[in-house]
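Listed below are the residues making up each chain.
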Amino acid sequence: MISQNIVEWGKPLQQALRETPSPQGTEVLIKVKFCGVCHSDVHIRDGYFDLGGGRKFQMAERGMKLPVTLGHEPFGTVLSGGPQAGALPIGEDRLVYPWTGCGQCDRCAEGIDNWCPAPRYIGVQAPGGYADHLLVPHSRYLIDSTGIDPSYAPILACSGLTTYSAARKLMPCKPSDWIVIMGAGGLGLMAVAMLKAMGHDNIAVCEIDESKWSTAREMGAKETFNPLEEDSLRKIQTLQGGVWGVIDLVGAQSTANLGIACLRKGGRYVVVGLYGGEIPLSLVTMAQRAITVQGSYVGSLQELREVVALAQSGKLKSIPIATCSMEEISGVLDRLKAGTVLGRVVAKI
């Protein structure tokens with residue numbers, strides 16, 4: 001099998017040729033057809049996440065050993081399974097839920113593998129989809145996405161799932177309540193599309209690259225703001241009825257400060273982005289304003305099924321998608337780091 005791997009932290013991916021794995025136990029072997037290229041892989045390739053205050057979350061210190069095959073948005077054809085895999089849809093295409101856990105703990109038993117304390121995420125702790133073959137630990141992680149364009153389906157397992165899970169944390173609220181999205185990259189555009197598919201009306205987007213504003217409005221945003229403008233907070237606070245919720249898909253100190261400050265009383269701020277940093281937070285004003293500050297990381301297996309159903313229903317509008325070859329993935333990661341990608345890029349394997 002052929003794969004694109006990290007062989008040195010912070011350096012371009014390198015191609016490798018090795019023996020195609022054989023599925024054992026409940027494992028399922030997939031022939032990868034497409035795999036989304038995600039901004040999270042920029043941080044993983046660099047070898048760390050910025051925790052703020054000069055602290056870093058080092059991948060090497062968290063159990064990742066080089067070489068590593070990234071790619072947590074795989075889609076492909078079911079080829080075979082291990083002796084305990086049971087009946088499989090051999091020859092059929094499936095979307096893969098990548099946020100797999102240990103399979104033994106209570107969280108995994110509850111179907112929220114993404115909260116497993118010992119995760120085995122595909123493309124992070126386990127080999128991922130930047131390869132022509134992939135082992136999936138169990139057939140329950142295979143999702144039938146029939147009717148969805150196979151070049152679009154892969155991003156549902158990450159950007160689709162991530163934004164859906166974050167949006168659910170803002171519910172219940174009225175469709176007319178204002179929700180602000182921080183960032184108009186692939187996740188930001190997907191968040192707008194997701195909220196529209198969930199029946200929400202009033203959506204605003206904060207994005208420093210004003211060339212992305214028109215696309216955000218095409219996806220359903222009613223208002224756009226440049227957070228770098230001195231009076232951006234005042235402008236956001238003039239939205240009628242105030243801001244009920246913020247989904248921060250950047251996750252930087254500046255977006256967090258602005259997002260929390262713009263909330264009306266009782267509002268909710270959900271941080272998703274992993275740009276990094278830290279913020280001071282007044283406990284007194286947090287209580288007096290009755291606001292909620294919450295983190296959200298990807299989503300559960302059931303939530304992915306719900307996202308796929310939304311897409312199959314036709315309610316979820318597709319964001320701009322471009323394709324690349326496996327050999328171009330590393331260059332796409334460079335572009336994601338520079339912030340020059342509109343929408344999402346999916347590798348055709």
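Details of the structure are given in the entry above.
Since this is a predicted model, take the numbers as computed values, not measurements.

Caption draft 1: Representation of the packing of helix α3 (residues 159–168) against helix α4 (residues 186–197) within the structure. Interaxial distance between α3 and α4 falls to 9 Å at its minimum, and their mutual angle equals 55°. Between α3 and α4, the angle falls in the class oblique. Pair α3 / α4 crosses with right-handed handedness. Residues Ser159, Gly160, Thr162, Thr163, Tyr164 and Ala167 of α3 lie in contact with α4, whose contacting residues are Leu187, Met190, Ala191, Met194 and Leu195.

Caption draft 2: Seen up close, the nonpolar core. Within the largest apolar cluster, 86 residues are counted, with the highest numbers of intra-cluster contacts made by Val136, Leu156, Ile181 and Leu316. Look past the residues within four positions of isoleucine 181 in its chain and what remains in contact with it is Gly188, Ala191, Val192, Leu195, Ile203, Ala204, Val205, Cys206, Ile247 and Leu249. By size, the runner-up hydrophobic cluster in this structure holds 17 residues, among which are Ile236, Leu258, Cys262 and Tyr269.

Caption draft 3: Representation of the layout of surface pockets within the structure. Considered as a void within the structure, the second largest pocket measures approximately 380 Å³ in volume. Lining the second largest pocket are 22 residues, with Glu27, Ala126, Pro127, Leu135 and Pro137 sitting closest to its centre. Residue composition of the lining of the second largest pocket, by class: 11 nonpolar, six polar and five charged.

Caption draft 4: Looking closely at the packing of aromatic side chains. According to the stated counting rule, one finds five aromatic pairs in the structure shown. Aromatic side chains phenylalanine 49 and phenylalanine 57 sit 6.2 Å apart centroid to centroid with 80° between the ring planes, which places their arrangement in the edge-to-face category. Assessed through its relative accessible area of 14%, phenylalanine 49 is described here as buried. Residue phenylalanine 57 is classed as partly exposed on the basis of its relative accessible area, which comes to 26%. Consider the rings of tryptophan 99 and tyrosine 297, whose centres lie 6.1 Å apart with planes at 65°: the pair is edge-to-face. Of this pair, tryptophan 99 sits in the loop between β8 (93–96) and α2 (106–109) while tyrosine 297 sits in the loop between β16 (292–295) and α9 (301–313), and the two are 198 residues apart along the sequence. Three or more aromatic residues link up through ring pairs in this structure, and these residues are Trp99, Tyr121 and Tyr297.

Caption draft 5: The arrangement of α9 in detail. Taking 1.5 Å per residue, 13 residues should reach 18 Å; α9 reaches 19 Å between its end C-alpha atoms and fits that length. Those residues of α9 that are buried are in contact with β8, β10 (142–143), α3 and α4.

Caption draft 6: Looking closely at the pattern of salt bridges. Taken as a whole, this structure holds 14 salt bridges when the rule is applied. The closest approach of N and O atoms between aspartate 334 and arginine 45, which form a salt bridge, is 2.7 Å. Here the residue aspartate 334 occupies a position in helix α10 (residues 329–338), and arginine 45 occupies one in helix α1 (residues 40–46), the gap between them amounting to 289 residues. Ionic contacts of the salt-bridge type, sharing partners, join the residues Glu229, Asp231, Arg234 and Lys235 into one network.

What counts and what doesn't
Residues numbered from 1 in each chain as written. Predicted model: local features only at pLDDT ≥ 70, side-chain atom pairs only at ≥ 80, totals over all residues. Heavy atoms only, no water. Axes fitted to C-alpha atoms, helices over the stretch in contact; angles between N-to-C directions. Helix = DSSP H or I, 4+ residues; strand = E, 2+ residues; numbered from the N terminus. Parallel < 35°, antiparallel > 145°, perpendicular 65-115°, else oblique. Left-handed = near helix turned anticlockwise from the far one by under 90°. Contact = heavy atoms within 4.5 Å. Core = buried A, V, L, I, M, F, W, Y, C linked by side-chain atoms within 4.5 Å. Buried < 20%, exposed > 50% of the residue type's maximum accessible area, 1.4 Å probe, protein only. 1 Å grid on protein atoms, 1.4 Å probe; cavity = no way out; pocket = protein on both sides within 12 Å on 5 of 7 lines; lining within 4 Å. Points joined across faces, edges and corners; volume = space filled by probe spheres on them. Nonpolar A, V, L, I, M, F, W, Y, C, P; charged D, E, K, R; others polar. Phe/Tyr/Trp six-rings, centres within 6.5 Å; stacked < 30°, edge-to-face > 60°. Expected span 1.5 Å × (residues − 1). Salt bridge = Lys/Arg side-chain N within 4 Å of Asp/Glu carboxyl O.

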